[in-house]
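Chain and residue survey
Residues per chain, in single letters:
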Amino acid sequence: MTEGGLTDAHSTPPAAAEKTNTSVPFPDEEATEEDTKTAEKTPLKEDVEKRDNNEETKGSAVVKLVGSSDPDCAAEAEFEHPEGGWGWVVMLAAMWCNGVIFGIQNSFGIFFISLLDEFGSAEDESLKFKTAWVGSLSMGMIFFCSPIVSVFTDLFGCRKTAVAGAAVGLIGLFASSFVRTLGPLYFTYGIVFACGCSFAYQPSLVILGHYFKKRLGLVNGIVTAGSSVFTITLPYLLSFLLNWLGLHTTFRFLSIFMFVLMLAGFTYKPLMPEPRSPQTGKVPRLSKIFNFNIWKSVGYRIWALGIPAALYGYFVPYVHLMAFVEESFGKDVNKEILLMCIGITSGVGRLIFGRVADYVPGVNKVYLQVSSFLVIGVMSMMIPLCQVFGGLIAVCLLMGLFDGCFICIMAPIAFELVGSQNVSQAIGFLLGMMSLPMIVGPPIAGLLRDTLGTYKEAFYLAGIPPIIGGLVLCFIPYVERRKQQQQQQQEAAAHKMLDGKANSVLQPYNAHEDKKELECSI
């Protein structure tokens, strides 16, 4: 509400002013006992008494006044999160969603080797570059569709969006089982399956804010730990299925997971009040569909710039680490244990840092992401320096721990920067901007490998973007502190103006009271 809105809420209406003037004598008039009694009952005095009683809680009064002018804000202020109940079921469903989607994506290194054997040839010098596009396109499309998913989530709700997305992902993954060349996989696995996963994934983040607030950091940590559980178990399961059943039957087996994910989406029962919808029969304005207000936050703009900048090398180890291990340590080495190490410590990191985030005030949670990017960048550079397999295990353990930190506090930071009413599209736009670095990073690493004949330069370069992105995020707390200080100054100025107006209206009445006391003393 504008400053004028606050003034109108506290100033005396014209009708009340007239009534006050006729019942309260001024210094040049003679006051009677009846006039004094009438003055005690005037709306003006009642309003002033209420203002004095609320003087101790000025901050909360402003919040209530602002909320009263906006039904959406008022409804959000009155809404109480259950902090449990059916929310625990929703949490488990969201955990399954994260586990299935990112467990499969993080295990693409296993598929990568199988795809090289299934569709490759010794004469194809750019084979790794072409094959890497399947996994990177799939991961990138999950994030690329996110702005559109956020709009669908706002228009149709979390439940319908998640169920429809899981159904599309099921179709794409099942269709991939009938593909016999590499080209069609770009469409069935890289686009259809990934788009379905995107529509199923984002509502699982948004719906948690309907059930939890105080425990949101911990719950996000548990939910995102689902992908860690699947990252631990899927590599061994996929290796077994690929050796026993083959690539195509393995895709069909994984389709069962997507079917369960579709059923899990039915648990997303919304609780928070929906924003007011436009009138029936009219096409909603663009501003009603796309929430551009989130871009007014300078902190969010920095966040939306720093996160994508850090992710150009983020997905490279997940795609190329298995092939690098085979080249450096031989095909007989237990390479799946590296993904298991990343999955275990990533799950631990999500639980630990998710809980820690609940105790970190406001946007200072960003510093947790800064530290995670710095460690991930350094660990990526350390991969080609490991001369023994044990050193590689240590690197993966640290990388997974801080990967969990980065993932689990995405939603809490979004809530802090833009508020719960805007968080859906805030996350959607951010994930959409993350798509480009996620798509181009692994193919560039594959191209460097095909050109230079080694993965060393690819992993060295993959560690630079996370460090740069982490340094960019350091500006967010400073910007948000300045914003908060300006808001406090504006609120103080508004209260000072209200006090001045109230005192100016009461001056004639106070002068009359002083005159009456003087006459009585005489």
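Quantities reported herein were computed from a predicted structural model and do not represent experimental measurements. (Residues numbered from 1 in each chain as written. Predicted model: local features only at pLDDT ≥ 70, side-chain atom pairs only at ≥ 80, totals over all residues. Heavy atoms only, no water.)

1. Overview of the overall build of the chain
Heads up, the rule is: Each helix corresponds to a stretch of at least 4 residues labelled H or I by DSSP, and each strand to a stretch of at least 2 residues labelled E; elements are numbered beginning at the N terminus. Whether a residue is buried, partly exposed or exposed follows from its accessible area with a 1.4 Å probe, protein chains only, as a fraction of its type maximum: under 20%, in between, or over 50%, in that order. Residue contacts are defined here by distance: any two heavy atoms, one from each residue, within 4.5 Å place the two residues in contact.
Regarding its fold elements, the chain presents 26 helices and zero strands. Scored against the burial criterion, the 522 residues of the chain give a buried share of 51%. A separation of at least 24 residues holds for 86% of the contacts in the chain among residues at least 6 apart in sequence.

2. A few points about the pattern of salt bridges
So the rule is basically this: Within this document, salt bridges are pairs made up of a side-chain nitrogen of Lys or Arg and a carboxyl oxygen of Asp or Glu, the two lying within 4 Å of each other.
For the structure shown, the criterion picks out three salt bridges. Linking Arg-449 and Glu-327 is a salt bridge whose minimum nitrogen-to-oxygen distance equals 2.8 Å. In this pair, Arg-449 sits in helix α23 (residues 423-452) while Glu-327 sits in helix α18 (residues 316-329), placing the two residues 122 residues apart along the sequence. Look at Arg-449 and you get buried, because its relative accessible area is 16%.

3. Some remarks on the packing of helix α11 (residues 158-176) against helix α15 (residues 247-264)
As a reminder of what qualifies: Lines fitted to C-alpha atoms define the axes, with helix axes restricted to the stretch in contact, and inter-axis angles between N-to-C directions lie between 0 and 180 degrees. In these notes the angle categories are as follows: under 35 degrees is roughly parallel, over 145 is roughly antiparallel, 65 to 115 is roughly perpendicular, and the rest is oblique. For this classification, Asp, Glu, Lys and Arg are treated as charged, while Ala, Val, Leu, Ile, Met, Phe, Trp, Tyr, Cys and Pro are nonpolar and the rest, including Gly, are polar.
The contact between α11 and α15 brings their axes to 8 Å, and the two run at 170°. Taken together, the axes of α11 and α15 lie roughly antiparallel to each other. Residue-level contacts link Val-163, Ala-166, Ala-167, Gly-169, Leu-170, Leu-173, Phe-174 and Ser-176 of α11 to His-248, Phe-251, Arg-252, Leu-254, Ser-255, Met-258, Phe-259, Leu-261 and Met-262 of α15. Considered class by class, the residues forming the contact of α11 with α15 number twelve nonpolar, four polar and one charged.

4. Here we look at the side chain of Ser-435
Looking at the element boundaries, Ser-435 is found in helix α23. Apart from the residues within four sequence positions on either side, Ser-435 is in contact with Gly-140, Phe-143 and Phe-144.

5. Observations concerning a nonpolar patch on the surface
What counts is decided by this rule: To count toward a patch, a residue needs a relative accessible area above 30% and no salt bridge. Like charges then connect within 9 Å, nonpolar side chains (Val, Leu, Ile, Met, Phe, Trp, Tyr) within 5 Å. Computed with a 1.4 Å probe, the accessible areas rest on the Shrake-Rupley method; for each residue, only the protein chains presented here act as cover.
On the surface, Phe-253, Ile-256, Phe-259, Val-260, Leu-263 and Phe-266 cluster together to form a nonpolar patch covering roughly 530 Å² of accessible area. Mapping Leu-263 onto the fold places it in helix α15. On the accessibility criterion, Leu-263 (44% relative accessible area) is partly exposed.

6. What to know about α18
Filter applied, for reference: What a helix is expected to span follows from its residue count: subtract one and scale by 1.5 Å. To get the bend at a given residue, fit one axis to the seven residues ending there, fit another to the seven starting there, and take the angle between those axes.
The first and last C-alpha atoms of α18 sit 19 Å apart over 14 residues, in line with the 20 Å expected at 1.5 Å per residue. Of all the bends in α18, the greatest, near 30°, is centred on Met-322. Counted residue by residue, α18 has eleven buried out of 14 residues, so it is predominantly covered. A positive backbone phi angle near 95° is found at Gly-330, which sits one or two residues after α18.

7. With respect to the packing of aromatic side chains
Under the convention used in this document: Two aromatic rings, drawn from Phe, Tyr or Trp (for Trp, its six-membered ring), form a pair once their centres lie within 6.5 Å of each other, and the interplanar angle then sorts them: stacked below 30 degrees, edge-to-face above 60, tilted otherwise.
Applying the stated criterion to the full structure yields 29 aromatic pairs. Their ring planes at 35° and their centres at 6.2 Å tell us that Phe-108 and Tyr-189 sit as a pair that is tilted. Taken together, the positions of Phe-108 in helix α8 (residues 108-119) and Tyr-189 in helix α12 (residues 182-206) put the pair 81 residues apart, joining distant regions of the chain. Each of the two residues, Phe-108 as well as Tyr-189, counts as buried.

8. What about the packing of helix α19 (residues 336-359) against helix α21 (residues 389-408)?
Selection criterion: The sense of a crossing depends on the near helix, which, turned anticlockwise from the far helix by less than a right angle, makes the crossing left-handed and, turned clockwise, makes it right-handed.
At a closest axis distance of 6 Å, the pairing of α19 and α21 adopts a crossing angle of 35°. Crossing angle aside, the handedness with which α19 passes α21 is right-handed.

9. Considering the side chain of Ser-346
With respect to the secondary-structure elements, Ser-346 resides in helix α19. Its relative accessible area of 2% is what places Ser-346 among the buried residues. Once you skip the residues sitting within four places of it in the chain, Ser-346 turns out to touch Ser-228, Gly-400, Leu-401, Asp-403 and Gly-404.

10. Some words on the confidence of the model for the chain
Worth spelling out the cut-off: The quantity called pLDDT is the predictor's confidence in a given residue, expressed from 0 to 100.
The share of residues in the chain with pLDDT of 70 or more is 75%, and the mean pLDDT across the chain is 76. Across the chain, the element-wise mean pLDDT spans from 36 in helix α5 (residues 58-69) up to 93 in α11. Here residues 1-75 is modelled with pLDDT under 50, and outside its nearest four sequence neighbours on either side it reaches 61 contacts, counting other chains as well. Confidence drops under a pLDDT of 50 for residues 276-281, and excluding neighbours within four residues, the segment shows four contacts in the predicted structure.

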